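Report on the structure
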Amino acid sequence: EDQVTQSPEALRLQEGESSSLNCSYTVSGLRGLFWYRQDPGKGPEFLFTLYSAGEEKEKERLKATLTKKESFLHITAPKPEDSATYLCAVQAYPSGGGADGLTFGKGTHLIIQP
Amino acid sequence: DSGVTQTPKHLITATGQRVTLRCSPRSGDLSVYWYQQSLDQGLQFLIQYYNGEERAKGNILERFSAQQFPDLHSELNLSSLELGDSALYFCASSMTPNTIYFGEGSWLTVV
């Protein structure tokens, strides 16, 4: 069974204080690792998909990296508007059924204080 | 705005009732997914449709069913509702499996 564990559960940072969020995963065969941002009461907003160990992707103050067992979301010089819950999810290669569903972690609730 | 449209945004209903949630995918997306998000379980994959055909089932209860119509919109039917079914239900769509976009969700409260 695919599993995703995110840490920490919550993180409070000062504006400009860089940090990293962790996503550890076990999956039968990794097809893709996804990062989403979710604001309260809203739908998850797609950020990145990573496919293989060593891959990195960047978007504004966010950079996602991938190893064979975990992914990190690095936040550089965050601003208050970066406050949100960040979700990690894995997509496994389908075993005959063609499924593309994602298995999500429970997220890291990030608060950036001015 | 992801381009995935869900209705209704909020719904309050009584135990034992049946409701239907509707989803319009992004233009051109053939895959539609349904997810349930609750405080204790997080986001759970329920079911996927691709071009009108069921593709995969996740943790979907037998009381729940879905379909995708020829115009690619999808409906999630929830019946014999229980208090524990109260949750946020998301629809997502994709053209390719590596980029999946979510709608804003339908809040279901069962009283």
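Residues numbered from 1 in each chain as written. Chains lettered and ligands numbered in written order. Predicted model: local features only at pLDDT ≥ 70, side-chain atom pairs only at ≥ 80, totals over all residues. Heavy atoms only, no water.

**Let's talk about the overall build of chain A**
- When helices and strands are counted, chain A shows zero helices and eleven strands.
- Listed N to C, the secondary structure of chain A is β-β-β-β-β-β-β-β-β-β-β in terms of helices and strands.
- The C-alpha radius of gyration of chain A comes to 14 Å, within 12% of the 13 Å expected for a compact globule of 114 residues.
- If you line up chain A on its principal axes, its C-alpha atoms span 50 × 30 × 20 Å. (Helix = DSSP H or I, 4+ residues; strand = E, 2+ residues; numbered from the N terminus. Rg over C-alpha atoms; globule rule 2.2 N^0.38 Å.)

**Quick look at the sheet that holds strand 1 (residues 3-7) of chain A**
Residues and elements named next belong to chain A.
- The strand order 1-3-8-7-6 describes an open sheet built from five strands, whose pairing is antiparallel. The sheet terminates laterally at strand 1 and strand 6 (56-59), the two strands that pair on one side only. On average, each strand axis in the sheet is inclined to that of its neighbour by 15 degrees, with strand direction left out of account.
- Pairing between strand 6 and strand 7 (residues 62-66): four bridges, direction antiparallel. Note on strand 7: the bridge partner recorded for Glu56 is Thr65. (Pairing = 2+ DSSP bridges. Axes fitted to C-alpha atoms, helices over the stretch in contact; angles between N-to-C directions.)

**A word on the sheet that holds strand 3 (residues 19-24) of chain B**
Residues and elements named next belong to chain B.
- An order of 1-3-8-7 is seen for the four strands of this open sheet, with the pairing classed as antiparallel. Among the strands making up the open sheet, the edge pair consists of strand 1 (5-7) and strand 7 (64-68). When strand polarity is set aside, the average angle formed by the axes of neighbouring strands in this sheet is 15 degrees.
- Pairing of strand 7 with strand 8 (residues 74-78) involves five bridges; the strand directions are antiparallel. Within strand 8, the residue paired with Gln67 across the bridge is Glu75.

**Focus on the nonpolar core**
- In this structure, A:Leu33, A:Trp35, A:Leu73 and A:Tyr86 are the most contacted members of the largest nonpolar core, which totals 23 residues.
- Ranked by residue count, the leading element in this core is strand 9 (residues 84-92) of chain A, at four residues.
- Core analysis: the second largest hydrophobic core is formed by 20 residues, B:Cys23, B:Phe64, B:Leu76 and B:Leu78 among them. (Core = buried A, V, L, I, M, F, W, Y, C linked by side-chain atoms within 4.5 Å. Buried < 20%, exposed > 50% of the residue type's maximum accessible area, 1.4 Å probe, protein only.)

**A few points about the interface of chain A and chain B**
- On the side of chain B, 21 residues touch chain A, which itself brings 21 residues to the contact.
- Summing both sides of the interface, chain A and chain B together bury roughly 1,700 Å²; the carbon and sulfur share of this comes to 53%.
- Between chain A and chain B we count zero salt bridges in total.
- Those elements that place two or more of their residues in the side of chain A that touches chain B are strand 4 (30-38), strand 5 (45-50) and strand 9 of chain A.
- Top contributing element to the side of chain A that touches chain B by residue count: strand 4 of chain A, with four residues.
- Of the residues in the side of chain A that touches chain B, the class split is nine nonpolar, eight polar and four charged. (Contact = heavy atoms within 4.5 Å. Buried area = accessible area lost by both parts, 1.4 Å probe. Salt bridge = Lys/Arg side-chain N within 4 Å of Asp/Glu carboxyl O. Nonpolar A, V, L, I, M, F, W, Y, C, P; charged D, E, K, R; others polar.)

**Let's talk about the packing of aromatic side chains**
- Counting across every chain of the model gives twelve aromatic pairs over all chains.
- Arranged with centres 5.8 Å apart and planes meeting at 90 degrees, the rings of A:Phe104 and B:Tyr35 form a pair that is edge-to-face. One end of the pair, A:Phe104, is in strand 10 (residues 103-104); the other, B:Tyr35, is in strand 4 (residues 31-38), on a second chain.
- Overall, B:Tyr35 belongs to the buried group, its relative accessible area being 0%.
- Ring centres of B:Tyr35 and B:Phe102 lie 5.2 Å apart, and the angle between their planes is 50 degrees; this geometry places the pair in the tilted category. Separated by 67 residues along the polypeptide, B:Tyr35 in strand 4 and B:Phe102 in strand 10 (residues 101-102) bring together distant segments of the chain. Summarising the burial analysis for this pair, B:Tyr35 and B:Phe102 share the class buried.
- What links up through ring pairs into an aromatic cluster is the set A:Phe34, A:Tyr36, A:Phe46, A:Phe104, B:Tyr35, B:Phe45, B:Phe90, B:Tyr101 and B:Phe102. (Phe/Tyr/Trp six-rings, centres within 6.5 Å; stacked < 30°, edge-to-face > 60°.)

**Points about the pairing of strand 11 (residues 106-110) of chain B**
All names here are of chain B.
- Of the two faces of strand 11, only one is covered, namely that formed by Ser106, Leu108 and Val110; the face formed by Trp107 and Thr109 stays uncovered.
- Examined bridge by bridge, strand 2 (residues 10-13) and strand 11 share four bridges and lie parallel to one another. Bridge assignment links Thr13 to a residue of strand 11, and that residue is Val110.
- In the sheet, strand 9 (residues 87-94) pairs with strand 11 via three bridges, with the strands oriented antiparallel. Of the residues in strand 11, the one forming a bridge with Ala87 is Leu108.

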